[in-house]
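# Inside the fold
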Amino acid sequence: MFWEECFTLTKYSLPMFGTYLFEYSMILTSVISIGHISTVALAAATISSMTASVTGFSIIQGLASALDTVLPSAWTSDKPQLVGLWTQRMFVITSACLAPILIVWFNCESILLHIGQDPEVAQLASIFLRWTSLGLPAYSVECISRRYFQSQGLFAVPTRIILAVSPINIILNYLLVWGPAPLRLGFIGAPIATAISYNLIAISSVVYGVCFVERTAWHPLSSKAFTSLGYLGMLGLGSAGQVASEWWSWEFIGCTYLSSLGPVPLATQSILLSTVATCFQGPYSLGIATSVRIGNLLGEMNHKRAGVAANASIVLAVTFAALFSAVVLVFRRSWGYLFNSDPEVVALVSSVLPLVALVVFFDCANGVISGILRARGKQVRDFE
């Protein structure tokens, strides 16, 4: 039973790993393309990305993670249409959160200046965030629709969609940042390319769900979408605490401390943050797969096998941790050149990466254990 669960979790997590990795590659592509403009531009992109993550993306991602608790068990219950109803309720909750997030984003320059940020960096970061905001509603749709597909075992659907959009994102980044004069926008080209890509993914997800997925899980639109919002909101807050505590532990360091040390440490933080976030996609995908698997088994009242699945996920997490930590250590001296050509930045990245490898090892376990707790509706315990 243990090895069967290892195989099942691996089968579930691999397409999700591709989904999250390619999704994050869209952000990574923007960082890389901007990083080769100048160190100041990279610092500004770093600050704006940190602000977007702390005040927006982590909140939306965390709220949507509450669906990992309710959707898998609903799908295997005698009322699979509850999957659609809970999905609609999450759309209501995330939509209500978009307005305050956008207010912060459109006033971030004054906030950054207040905490002592360099005026030029603060101005560029503000411009970056305003253009990024064009993709925020689409990001919300993407996070929720992905859970809708995954709860039904359709793990490959989000992967196919993002595989189709990722090359488009790379082409858009090149054309809008470095392309021919009629199309080249320079610094603002990167956030515009990312926003367009998020909208393409969201539109594709909705079209695929409506036209190519059986309606078994769907619930007709009704006023019921505005019920039980308190319960889902509590789960969402706990899930947001899980995700936000992970993201903020890195983001606040850059926003509050490194930002005052100058462009080089801030650019280094951007590279390290991108590295940790990339490595985290593996265990985070495994954590989502674990939530879905355990949730399905609990919906079937198969508690014993759910416990075996939890144990199997922890063993796989250790394997992920060892692999990613080894990669970081082996390539630490040349890793920085992927993002920036400044020798000072590359040397600083190389000196810190051994510590990052240690963080990655324990971070992998955290990603999977959080998935186990979400499957049981224990997000608040993990956050505490």
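The name an unreviewed UniProt entry assigns to the chain is MATE efflux family protein, from the organism Paxillus involutus ATCC 200175.

Empty space within the largest pocket amounts to approximately 280 Å³. Elements represented by at least two residues in the lining of the largest pocket include exactly helix H4 (82-106), helix H7 (136-151) and helix H9 (189-211). Of the residues in the lining of the largest pocket, the class split is eight nonpolar, four polar and two charged.

Glancing now at helix H6 (residues 119-132). For H6, built from 14 residues, the straight-helix expectation of 20 Å at 1.5 Å per residue is met to within 8% by its first-to-last C-alpha distance of 20 Å. Along H6, the positions that sit buried rather than exposed are Val121, Ala122, Ala125, Ser126, Phe128, Leu129 and Thr132. Across the axial projection of H6, the buried residues extend over an arc of 165 degrees, all falling on one side.

To continue, consider the packing of H6 against H9. One way to put it is that H6 packs onto H9 with a least axis distance of 8 Å and a crossing angle of 20 degrees. Here H6 lies roughly parallel to H9, going by the angle between them. Two packed elements cross with a definite hand, and for H6 against H9 that hand is right-handed. Side by side, H6 and H9 meet where Phe128, Trp131 and Thr132 of the first sit next to Pro191, Ile192 and Ala195 of the second. Classifying every residue of the contact of H6 with H9 gives five nonpolar, one polar and no charged.

Here we take up the environment of Lys224. By the secondary structure assignment, Lys224 is in the loop between H9 and helix H10 (229-256). Residues in contact with Lys224, not counting those within four places in the same chain, are Leu85, Arg89 and His219.

Our focus in this paragraph is the packing of aromatic side chains. Scanning the entire structure with this criterion turns up 15 aromatic pairs. A centroid spacing of 5.9 Å and a plane angle of 55 degrees characterise the contact between Trp86 and Tyr231, whose relative ring orientation is tilted. Of this pair, Trp86 sits in helix H4 while Tyr231 sits in helix H10, and the two are 145 residues apart along the sequence. A residue is classified by how much of its surface remains accessible, and Trp86, at 13% relative accessible area, is buried. Given the relative accessible area of 46%, Tyr231 is considered partly exposed. The structure contains a cluster of three or more aromatic residues connected by ring pairs, namely Tyr148, Phe149, Tyr208, Phe212 and Trp218. Taking the ring centre of Trp86 as reference, the NZ or CZ of Arg89 above it sits at 4.5 Å.

Rules used throughout
Residues numbered from 1 in each chain as written. Predicted model: local features only at pLDDT ≥ 70, side-chain atom pairs only at ≥ 80, totals over all residues. Heavy atoms only, no water. 1 Å grid on protein atoms, 1.4 Å probe; cavity = no way out; pocket = protein on both sides within 12 Å on 5 of 7 lines; lining within 4 Å. Points joined across faces, edges and corners; volume = space filled by probe spheres on them. Helix = DSSP H or I, 4+ residues; strand = E, 2+ residues; numbered from the N terminus. Nonpolar A, V, L, I, M, F, W, Y, C, P; charged D, E, K, R; others polar. Expected span 1.5 Å × (residues − 1). Buried < 20%, exposed > 50% of the residue type's maximum accessible area, 1.4 Å probe, protein only. Arc of directions from axis to C-beta. Axes fitted to C-alpha atoms, helices over the stretch in contact; angles between N-to-C directions. Parallel < 35°, antiparallel > 145°, perpendicular 65-115°, else oblique. Left-handed = near helix turned anticlockwise from the far one by under 90°. Contact = heavy atoms within 4.5 Å. Phe/Tyr/Trp six-rings, centres within 6.5 Å; stacked < 30°, edge-to-face > 60°. Lys NZ or Arg CZ within 6 Å of the ring centre and 35° of its normal.

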